[in-house]
Every structure is written in C-alpha cells, then in structure tokens.
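Here is how the chains run, residue by residue.
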Amino acid sequence: MNLLTLARYPFLPEASGYLRERQITLDALVNSAVFDQARHAGRRRVMDALVDGVIADQTAVTEADALVELLSYAVARIIVSCNPDEHLIQRYALAEAVTVQTRLEAENIDFVIDIAVFLGLDAVRDNATEASVHFADYLKHSSQMRSEEWKLVNQELDSGRISLTKPRLARLLQHAIRERIESELPLPVNDGIIEAFRNSIDLVREEVERRKAKFEKESYGKVSFLRLPPCMKKLMAMMKAGENVPHVGRFALTSFLHTIGMSNDEIVAVFSSSPDFKEQLARYQIDHITGKSSGVEYLPPECATMKTQGVCFDPDFLCKKKWLHHPLNYYRVKGKKREKPEEKKTEAETISSAE
Ligand code: SF4
C-alpha cells in the first residue's frame, strides 16, 4: 500500500509497519524538531474532531505531506490519551470514523471489502457494485441505527447474508472503525510525553470544557424535578412506590434523566426502591443506556412511542399542545415558563396535583 493511501487510512497495520520500517520512533515524534509539522497537524486533527466532528481533508500531494498526515494520526491519539476524557475519546473516534466513511465511499468495492475484513467483518463481493456481509456482523454494527431502512426485518436475507451497496457498507464500517478506535484509547502515556504536549493538552481541555459548559447551558441547565413531564413523574413515583416498571419505562426514564444532566449514581439511586432492584444489574443497564459502556448515549423515546408503549401517563395541558412531541421538549419549555413569575403558582399547583 502506498504512503498516500496509508495517510488516508492510518489505522491500518500497514501504517504502523511503514513507520517502523523508517525507524520513526515515539521519542522522535514527541521531541524532534523534524516532526514539528506533524505535531501541529496532530493537534489540528483533534481540534477538527472536537469542533467540526470530522477531520478536514488535507490534500497530500507529495510524500512529505502524506507522511505528516500519517503521523498526525499518531500524534492526535497521543494528545487524546493525555487528556482521557470520555467525551473527547468518543467525539474523536466518531470524527475519525465519519472521515473514513466518506473516503471509503470514493474507493472501489474491493478496497472497501478489504477494510471490512480487516475490521473483522465476514464480507465478500456479491457483484460489481455490491458486497454481502454475514447477518450477525450486520446486526452488530447497525443496531444503533434507528431508521427503518437499517432494521434487520427490512433486509433480504440470503443464506444468512445481507447485500449492501458500497455507501451502505461504508456506513456500517463507520461504526466498526469508531468502535475500534475507542477501544484502543487511551494509550499509555508518561510524564515526559504529557510535558512535551502540554500546550496542545491545555488547548484541547479548554475546548472540551467549553463544549460541555455550552451544551449544559444551551440544553437543559440545572436538573429540576419541577419541570419533569407527567410521564417521567409517574415513572419515578412508580419506582418509589415499589411498583414494577416495564422495561420500556425504565429505558425512557434512564435516558431522560441522563439527558437532563443526572449522573449515573443518581439514576441508580432513583432505581434503588424498585422491588427487583439489583445494583449490579441496574448499573450495567444504566451504563449501557447512558453510553458509559456502549459509547452511545440513547435519547428518550418521543411522545408517540411513549403512547404506543403505554408509558405516556396523565398528559396535562402542555402535553396537549400540537407542537409537543417529546418529553424533553416539555422539560425545556417548562424551564422557560418558570422564568415568568406569574406562571409559578400555576406550575406549583400542577405539580402538587400530579404528586
Ligand atoms: S404527552 Fe409526552 S410528555 Fe406528556 S406525558 Fe405523554 S409522553 Fe410524556
């Protein structure tokens, strides 16, 4: 594989083989002035991931450009590892994966299949434009895709295999790549490395903190139980009363409480009065739904789904507004309403009558 290709797919084992052959050591990459440009490019790579969610394509025309690009991947992983924040790792891995997906869409189908096989998928060529993958791999890498077109029931199964066009295979690989990159991070780093990348680490940390603060401020602010929609109040009340809450209700409540800013420990505490409470199992499920163990933060279902699943309880005047489609929307709107003093009494009354 030539250097230009390796620069585009730096996660391949051939890429590290190339660096080994040229005897480019970690120490040189971290400290040598020769690799100044690569270190800057690595920092740019992490910032691209944080700010834009995708790595900007640097047109590598010469071999020297391609080498900088290839090394920037190694540097970016070091910088992320010096700052092992869950949000940073997930956002970085996703941005790398999204970038690779776009690049794969422009490759020929055989190349895309080779990448799929490298990532552990059972993929073979079907015809000139399509590949097929074993349904188990399909399921594994599409399970988080919500749209109907990805549901297994909507696929044609032929001897346990599913045909995919190149763009669809590339989309599936996005998940596989993200999973792989996430699983490899953080890398072990020593004090010398941390010191050498001090400026980049600080810059990245500032951006991570800025994003977190912005997200919190723009979305839901401080957690307030007074703003909970009737469905979530009811689910919490059922938990407290020791009533059995169906799985879909637990999922909705967990994802809702997580999205409005509750910690996993606080959510475990909410679940602790449930009759069948088992801390280890509850933690496992909560960590999965909130993305701590799965890498995917699930959102609570919208009102239509809550209704079909029988967990839309006691809808009030706000629920009946035409534009209210989601429990999170209720929570957000209630937050805005609370800012108007004349509406406080009405809200307090609504809440006490609901409890
Ligand atoms: S309408 Fe929506 S927000 Fe209101 S109770 Fe039902 S599910 Fe909850």
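**Brief notes about the overall build of the protein chain**
Across its full length, the protein chain holds 18 helices and four strands. Burial status across the protein chain gives 47% buried among its 355 residues. For the protein chain, the proportion of contacts with a sequence separation of at least 24, taken over those separated by at least 6, is 70%.

**Let's talk about the pairing of strand β2 (residues 130-134)**
Note: strand β1 (residues 123-125) against β2, three bridges, orientation antiparallel. Looking at β2, one finds that R125 is bridged to A131. Hairpin connection from β1 to β2: four residues lie between these consecutive antiparallel strands.

**Some words on the pattern of salt bridges**
By the definition in use, this model includes 18 salt bridges. Close ionic contact of R168 with E149 constitutes a salt bridge, the shortest N to O distance being 3.3 Å. Of this pair, R168 sits in helix α9 (residues 166-184) while E149 sits in the loop between α8 (135-142) and β3 (157-158), and the two are 19 residues apart along the sequence. Measuring nitrogen to oxygen at the nearest pair gives 3.0 Å for the salt bridge that ties R283 to E279. Of this pair, R283 and E279 both sit in helix α15 (residues 279-289), separated by four residues, roughly a single helical turn.

**What to know about the site of the ligand**
Around the ligand, the surrounding shell consists of P229, C231, C303, M306, C312, F313, C319 and P327. Among the residues making up the shell around the ligand, the classes are represented as eight nonpolar, no polar and no charged.

**Topic: the side chain of Q174**
With respect to the helices and strands, the residue Q174 is situated in helix α9. Take Q174: its relative accessible area is 9%, and that puts it in the buried class. Residue contacts for Q174: discarding those within four places in its chain leaves L94, A97, V98 and Q101.

Here is what the cut-offs are and how they apply
- Residues numbered from 1 in each chain as written.
- Predicted model: local features only at pLDDT ≥ 70, side-chain atom pairs only at ≥ 80, totals over all residues.
- Heavy atoms only, no water.
- Helix = DSSP H or I, 4+ residues; strand = E, 2+ residues; numbered from the N terminus.
- Buried < 20%, exposed > 50% of the residue type's maximum accessible area, 1.4 Å probe, protein only.
- Contact = heavy atoms within 4.5 Å.
- Pairing = 2+ DSSP bridges.
- Salt bridge = Lys/Arg side-chain N within 4 Å of Asp/Glu carboxyl O.
- Near = heavy atom within 4 Å.
- Nonpolar A, V, L, I, M, F, W, Y, C, P; charged D, E, K, R; others polar.

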